[in-house]
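Here is what each chain is made of, one letter per residue.
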Amino acid sequence: TAGHLIADALTEEQVPVISGPFLTDRSKPELRNLTEKAPGLLSHAGVLTAITVDHPEFPLRLLMDAVRAAVRGGMDEEEALRAVTINAARIAGIDARVGSLAAGKDADCVLYSGNPFDYKNAVCAVLCDGKMVYRR
């Protein structure tokens, strides 16, 4: 939660960051620099950035809320989507298999009724391994 304070050093050393959780309050000393601006600050500095909700402390279903908060805090929308797709896969070392849509990769995808950052939109369909597993 404080990586944004040393973003230049992280960029220079090419250290990736999993940013979060920031859907909480400053209940512990290590959270004193907590801000939803952190992912955007890191990303703008050139740090490979992913976003976390610190599951199971915070339910995984809140991940898009964390992404929306990062955008509200200044992160570019496309970079925010990369933070929970290809950037997360790169950091985990599994980007050859997941994290983006390409021939030969696992084809998991969520389709929204509109912009995924708009709370009014809903999930229309979910595809796993290229097969429809949910349709609204």
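Our subject in this report is the structure included herewith. Along each chain, the written sequence defines residue order, and numbers are assigned to residues from 1. Restriction of local features to residues with pLDDT of at least 70 applies here, the model being predicted, together with a cutoff of 80 or more for giving and counting side-chain atom pairs; totals for whole chains, interfaces and linings are based on all residues. Based on all heavy atoms of the structure, the side-chain values leave hydrogens and waters out of the count.

Some remarks on the packing of aromatic side chains
Line of reasoning, step 1. Aromatic pairing here means that ring centres of Phe, Tyr or Trp (its six-membered ring) are within 6.5 Å. Orientation follows from the plane angle: under 30 degrees is stacked, over 60 is edge-to-face, and everything else is tilted. Summed over the entire model, instances satisfying the criterion amount to zero aromatic pairs.
Line of reasoning, step 2. Think of it as a cone above the ring: NZ of Lys or CZ of Arg counts as a charge over the ring if it is within 6 Å of the ring centre and within 35 degrees of the ring normal. For Arg 68, the ring lying beneath its charged end belongs to Tyr 119, and the centroid distance is 4.5 Å.

Looking at the sheet that holds strand E4 (residues 123-128)
Line of reasoning, step 1. For two strands to be treated as a pair, DSSP must find at least two bridges joining them. A run of H or I in DSSP becomes a helix once it reaches four residues, and a run of E becomes a strand once it reaches two; helices and strands are each numbered from the N terminus. Read from one edge of the open sheet, three strands run E3-E4-E5, paired in antiparallel fashion. Each edge of the open sheet is held by one strand with a lone partner, namely strand E3 (109-112) and strand E5 (131-135). Taking each pair of neighbouring strands and ignoring which way they run, the sheet shows an average axis angle of 20 degrees.
Line of reasoning, step 2. Of the pairings in the sheet, the one linking E4 to E5 comprises four bridges and is antiparallel in character. Comment: axis = line fitted to C-alpha atoms, over the contacting stretch for helices; angle = value between 0 and 180 degrees taken between N-to-C directions.

Observations regarding the nonpolar core
Line of reasoning, step 1. Within the largest apolar cluster, 15 residues are counted, with the highest numbers of intra-cluster contacts made by Phe 22, Ile 51, Ala 66, Val 67, Ala 70, Met 75 and Ala 80.
Line of reasoning, step 2. Counting residues per element, the ones that place at least two in this core are helix H3 (63-72) and helix H4 (77-83).
Line of reasoning, step 3. Among the elements that make up this core, the one with the highest residue count is H3 (five residues).
Line of reasoning, step 4. By definition, residues are in contact when any of their heavy atoms lie within 4.5 Å. When neighbours within four sequence positions are excluded, Met 75 is seen to be in contact with Pro 39, Gly 40, Ser 43, His 44, Thr 49, Ile 51, Ala 70, Ala 80 and Ala 83.
Line of reasoning, step 5. Grouping buried Ala, Val, Leu, Ile, Met, Phe, Trp, Tyr and Cys residues that are joined through side-chain atoms within 4.5 Å yields what is termed a nonpolar core. Buried means the residue's accessible area, taken with a 1.4 Å probe over protein chains only, is under 20% of the maximum for its type, while exposed means over 50%, and partly exposed covers the values in between. Counting five residues, the second-largest nonpolar core is a separate cluster that includes Ala 7, Leu 10, Val 17 and Leu 42.

Remarks on H3
Line of reasoning, step 1. Residues of H3 that are buried include every one of Met 64, Ala 66, Val 67, Arg 68, Ala 69 and Ala 70, and no others.
Line of reasoning, step 2. On its buried face, H3 is in contact with helix H2 (38-44), strand E2 (49-51), H4 and E3.
Line of reasoning, step 3. Two residues or fewer past H3, Gly 74 is found with a positive phi of approximately 120 degrees.

None of this, on its own, says anything about what the molecule does.
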